[in-house]
Amino acid sequence: MPLETAAAPAAPVVTSKTEARQRAARNRRLSVYGARVGVLVTFLGLWELCARTEVIDPFNFSQPSRIWNQIWQWTTHGTAQGSLGEQIGYTLYEALAGWVVGVIGGVLLGITLGRIRFLADVFGPYIKVLNAIPRIVLAPIFLIWFGLGPASKIASAVVLVFFPVFFNAFQGAREVDRNLVANARILGASNRKVTLQVVIPAATTWIFTSLHVSFGFALIGAIVGEYIGATKGLGLLVAAAQGTFNAAGVYAAMTILAVVALLTEGLLTFAEKKLFRWKPADAGDGR
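Enquirer: Could you clarify how one ought to interpret the overall build of the chain in this entry?
Expert: The helix and strand tally for the chain stands at twelve helices and zero strands. Along the chain, from the amino end to the carboxyl end, the secondary structure elements read α-α-α-α-α-α-α-α-α-α-α-α. Expressed as a percentage of its 287 residues, the buried residues of the chain come to 34%. For the chain, the proportion of contacts with a sequence separation of at least 24, taken over those separated by at least 6, is 73%. For the chain, the exposed surface amounts to about 17,400 Å²; the carbon and sulfur share of it is 69%.

Enquirer: What exactly am I supposed to notice about the pattern of salt bridges here?
Expert: Two side chains carrying opposite charge are able to pair once their charged atoms lie near each other. Applying the stated criterion to the full structure yields two salt bridges. Taking the shortest distance from any N to any O, the salt bridge between Glu48 and Arg52 comes out at 2.6 Å. In this pair, Glu48 and Arg52 both sit in helix H2 (residues 10-52), four residues apart, roughly one turn of the helix. Classification of Glu48 by relative accessible area gives buried; the value is 13%. Judged by its relative accessible area of 58%, Arg52 falls in the exposed class.

Enquirer: I'm lost on a positive patch on the surface in this one. Help?
Expert: Residues Arg23, Arg26, Arg29 and Lys273 make up a contiguous surface patch of positive charge. With three residues, the top contributor of residues to the positive patch is H2. Position of Arg29 relative to the elements: it lies in helix H2.

Enquirer: What is the right way to read a nonpolar patch on the surface from this model?
Expert: Nonpolar side chains collect at one region of the surface, where Ile116, Phe118, Val122, Phe123 and Tyr126 lie side by side and expose about 540 Å² of accessible area between them. With respect to the helices and strands, Ile116 occurs in the loop between helix H5 (84-115) and helix H6 (117-132). Since its relative accessible area comes to 40%, Ile116 is described here as partly exposed.

Enquirer: Just to check I follow, could you spell out the confidence of the model for the chain for this structure?
Expert: Atom-level detail of predicted coordinates should not be read off regions where pLDDT is low. Of the residues in the chain, 83% have a pLDDT of 70 or more, and the chain-wide mean is 81. Confidence drops under pLDDT 50 across residues 3-7; counting only partners more than four residues distant or on other chains, this segment forms zero contacts.

Enquirer: Sorry if this is basic, but what is going on with the packing of H5 against helix H11 (residues 234-243) here?
Expert: When two helices pack together, you describe them by how their axes are tilted relative to each other and by the distance separating the axes. Where H5 meets H11, the closest approach of the two axes is 7 Å, and the angle between their N-to-C directions is 120°. Regarding the angle of H5 to H11, the classification is oblique. Between H5 and H11, the contacting residues are Leu84, Gln87, Ile88 and Thr91 on the first element and Leu234, Gly235 and Leu237 on the second.

Enquirer: How should I be thinking about the side chain of Lys153 in this particular structure?
Expert: Checked against the element boundaries, Lys153 lands in helix H8 (residues 150-174). Buried charge without a salt bridge: Lys153, with Glu94 as the nearest opposite-charge side chain at an N-O distance of 5.4 Å. The residues touching Lys153, leaving out its near neighbours within four places in the chain, are Glu94, Leu143, Gly147, Leu148, Gly221, Ala222, Gly225, Glu226, Gly229 and Ala230.

Enquirer: Teacher, can you tell me more about the packing of H5 against H8 here?
Expert: At a closest axis distance of 6 Å, the pairing of H5 and H8 adopts a crossing angle of 30°. Relative to H8, the crossing made by H5 is right-handed. In the contact of H5 with H8, the residues fall into 21 nonpolar, six polar and three charged.

About the criteria used
- Residues numbered from 1 in each chain as written.
- Predicted model: local features only at pLDDT ≥ 70, side-chain atom pairs only at ≥ 80, totals over all residues.
- Heavy atoms only, no water.
- Helix = DSSP H or I, 4+ residues; strand = E, 2+ residues; numbered from the N terminus.
- Buried < 20%, exposed > 50% of the residue type's maximum accessible area, 1.4 Å probe, protein only.
- Contact = heavy atoms within 4.5 Å.
- Areas by Shrake-Rupley, 256 points an atom, 1.4 Å probe, with all protein chains shown as cover.
- Salt bridge = Lys/Arg side-chain N within 4 Å of Asp/Glu carboxyl O.
- Patch = residues over 30% accessible without salt bridge, like charges linked within 9 Å, V, L, I, M, F, W, Y side chains within 5 Å.
- Lys, Arg positive; Asp, Glu negative; His and termini not counted.
- Charge placed at Lys NZ, Arg CZ, Asp CG, Glu CD.
- pLDDT = per-residue confidence, 0-100.
- Axes fitted to C-alpha atoms, helices over the stretch in contact; angles between N-to-C directions.
- Parallel < 35°, antiparallel > 145°, perpendicular 65-115°, else oblique.
- Left-handed = near helix turned anticlockwise from the far one by under 90°.
- Nonpolar A, V, L, I, M, F, W, Y, C, P; charged D, E, K, R; others polar.

Here it is in structure tokens:
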């Protein structure tokens, strides 16, 4: 009884330490967000000031107020190619379609070659050669093959997405703990079950790492394809603005693209946290 009575006060101490850590993590997040906003406001303010005082040429470099006016004009009155929402939707459709196809192809081929060494030895040199080709230069070829429609932009997005996803899936399949595979085989698991229940879950972290980067590549593929030749899309807005020496239009389209990419990154991060709730937080992430 005396020992139990002495140990009882430990609970409030643990609770207070947990609350302190949570409070410190919350304060750190607020500090980070505040610093980010401060950096952005300072940058935009200096840019506007330098343009207004003609330290930089406002015709070539534009200025934040003109960029905002351009975005507002596109939003309220539309663009020469149609409404702004239609242009964003067109580019997003091409990027998402190319991203999905590239991710599926990269994961399937990466896991397959990661599991079957013979196929990796046969196809490895060809994949390395294809990866060495600058994928952006393929956009004009896809334009010739598939025309001005979305198919050529989707193809450009696919080739940009495929390789980072493939190499991460391949490495993830190769890095699976051999003890886990051996234990699964001892329990009678077939090759198919080992792949589905051991290899793929273990490689999921590698694959998600590539997804964060690959959607940005998908947007680049779609934009480059539209810039070269298209009937709709944000890339066409960039090309049209450049053709009329409208620097504000170029920056406005880039700003919209950045917002789309950030929103998508946020969705991927949210999905990753939901899928990997079982993982402990990193020691240095402040959580």
